[in-house]
Amino acid sequence: MMPELLTILFVLNPVSGGKKKPEWKTLIMDYFKELPHKIDFYELTGGNDQPAIQSKIKEMNAQRVVAVGGDGTVSLVGKILIQNKILLGILPGGSANGMAAELKIPSDPQKALDIIVSGKIHPCDTIRINEDDMVFHLADLGLNAQIIKYFDESRFRGMLTYSRMLFKALANKSLMKVHLKGDNLDETIAAYMIVIANASKYGTGAVINPDAVTDDGVFELVIVRRIALSEFIKLFWSYKSFNPRSVEIIETKKVEIISKKSVRFQIDGEYKGKIKNIRAEIMPASLRVLVPEDSV
C-alpha cells in the first residue's frame with residue numbers, strides 16, 4: 001500500500017536556539033530525501049511574516065505546517081492555523097521549548113521528524129486574548145513578564161542569564177492590584193504575578209500549573225500572591241505542594257483582568273509591553289497538533 005503523499009511547509013526561525021543548534025534545513029532535507037512527500041521552507045524574517053506564510057501555504061496547498069523553533073515560533077505558526085484543518089507540527093529548536101515538552105515531542109530531531117510524518121492528531125485548546133491574540137502555552141502579567149523583558153534586553157542567553165534576570169526582577173518586584181471578572185469571579189486582588197495557563201510548565205522546566213490538560217475546554221489562572229524566595233524556587237525549579245496562602249489556582253473558561261496601573265505582559269515567551277486590560281476566553285479544540293502516540 002502506497003503511503004499518503006503529504007505536502008509540508010517548514011517554518012524556520014534562524015535565531016532560535018543556542019550556538020550548537022542543529023542545521024535544521026539540512027536535517028529535514030536529508031530525512032525526506034528518500035520519501036515521496038513534497039516539502040518546502042519559509043525562513044522567518046522578523047518582518048511581515050504572517051501574510052507571507054499564509055501565501056506560501058496557499059501556493060503549495062500545504063497539509064501540514066511545522067514550526068521549527070521555540071515557543072514563540074510555535075505561537076506564531078499556531079495563530080495562522082487556528083480554526084483551520086491544516087495540522088501543526090513542532091520541531092523543538094528554541095532555547096525554550098515548553099509546548100513541545102508539554103506534548104511529549106522529543107528533542108531528538110529524527111524522532112521529532114517521525115512525528116511530523118506519522119504522529120497522531122491532538123485537538124488542542126487555545127486561549128483568545130483581547131480578540132486579536134492567542135495563547136497556545138502560557139501568558140502572564142507581572143514578575144515573569146518582567147524577567148522576559150530583562151532577558152530580551154540582554155546580549156546573553158541560557159539558563160545562567162535567565163537566573164540573573166530572575167533575581168534582578170525579584171529585587172525590583174512590585175505588587176499588582178487587579179480586578180478579576182468572569183465565570184464565578186468578581187473580586188479585586190493583589191498579586192505579584194498572574195498566569196493565564198493552557199499548559200503546566202514554562203520552557204525552563206518550571207512547573208506552574210501541575211494539573212494542566214491541553215484539551216479539557218478550560219484554562220487556569222495561577223495567582224501568585226506572595227513571593228517568598230523558598231516558594232519561588234519551588235515554583236520555578238521543582239514542583240512541590242504550593243502554600244495556598246501564596247499561590248492560588250482557579251479553573252475558568254473566561255476572565256477579564258483589569259488593572260488601574262499598566263502592568264507588564266507576555267504571551268508564549270514574547271514580551272508584549274504594558275497593558276491595563278486583558279480579556280481571555282478558551283477556544284476548545286481550535287488547533288490540531290501532531291503529537292507522539294503516547295502523548296496526551
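Here's what I pulled together on the structure shown here. (Residues numbered from 1 in each chain as written. Predicted model: local features only at pLDDT ≥ 70, side-chain atom pairs only at ≥ 80, totals over all residues. Heavy atoms only, no water.)

### Examining the environment of Ile129
By secondary structure assignment, the location of Ile129 is in strand E5 (residues 120-129). The exposure class of Ile129 is buried, given its relative accessible area of 2%. It is 9.6 Å that separates the C-alpha atoms of Ile129 and Ala139, two residues lying 10 residues apart in sequence. When sequence neighbours within four positions are dropped, the list of residues in contact with Ile129 reads Met134, Val135, Ile196, Phe265, Ile267, Ile278, Arg279 and Ala280. (Helix = DSSP H or I, 4+ residues; strand = E, 2+ residues; numbered from the N terminus. Buried < 20%, exposed > 50% of the residue type's maximum accessible area, 1.4 Å probe, protein only. Contact = heavy atoms within 4.5 Å.)

### Quick word on the nonpolar core
In terms of nonpolar packing, the biggest core is built from 46 residues, with Phe10, Leu88, Leu91 and Phe136 touching the most fellow members. If you tally residues by element for this core, the top one is strand E1 (residues 7-12), at five residues. Setting aside residues up to four positions removed in sequence, Phe136 forms contacts with Val74, Leu88, Ile90, Met99, Cys124, Asp125, Thr126, Asn198, Asp268, Leu287 and Val289. Counting 25 residues, the second-largest nonpolar core is a separate cluster that includes Leu141, Leu180, Ile196 and Val255. (Core = buried A, V, L, I, M, F, W, Y, C linked by side-chain atoms within 4.5 Å.)

### Remarks on the pattern of salt bridges
All chains considered together, the criterion is met by seven salt bridges. A salt bridge links Lys56 to Asp40; its shortest N-O distance comes to 3.1 Å. Residue Lys56 is found in helix H2 (residues 49-60), and its partner Asp40 is found in strand E2 (residues 38-43); the two are separated by 16 residues along the sequence. Lys272 serves as the salt-bridge partner of Asp133, at 3.0 Å between the closest nitrogen and oxygen. In this pair, Asp133 is assigned in strand E6 (residues 133-135) and Lys272 in strand E14 (residues 270-291), connecting sequence segments 139 residues apart. One connected set of salt bridges, linked through shared partners, spans Lys79, Asp133, Glu270 and Lys272. (Salt bridge = Lys/Arg side-chain N within 4 Å of Asp/Glu carboxyl O.)

### Concerning the packing of H2 against helix H3 (residues 71-81)
In contact at an axis separation of 10 Å, H2 and H3 are set at 60° when each is read in the N-to-C sense. Here H2 is positioned oblique relative to H3, judged by the angle of their axes. When you trace H2 past H3, the crossing you get is right-handed. Judged by residue contacts, Gln50, Ile53, Gln54 and Ile57 of H2 engage Leu76, Ile80 and Leu81 from H3. Counted by class, the contact of H2 with H3 contains five nonpolar, two polar and no charged residues. (Axes fitted to C-alpha atoms, helices over the stretch in contact; angles between N-to-C directions. Parallel < 35°, antiparallel > 145°, perpendicular 65-115°, else oblique. Left-handed = near helix turned anticlockwise from the far one by under 90°. Nonpolar A, V, L, I, M, F, W, Y, C, P; charged D, E, K, R; others polar.)

These values are about where atoms sit, not about what they do.
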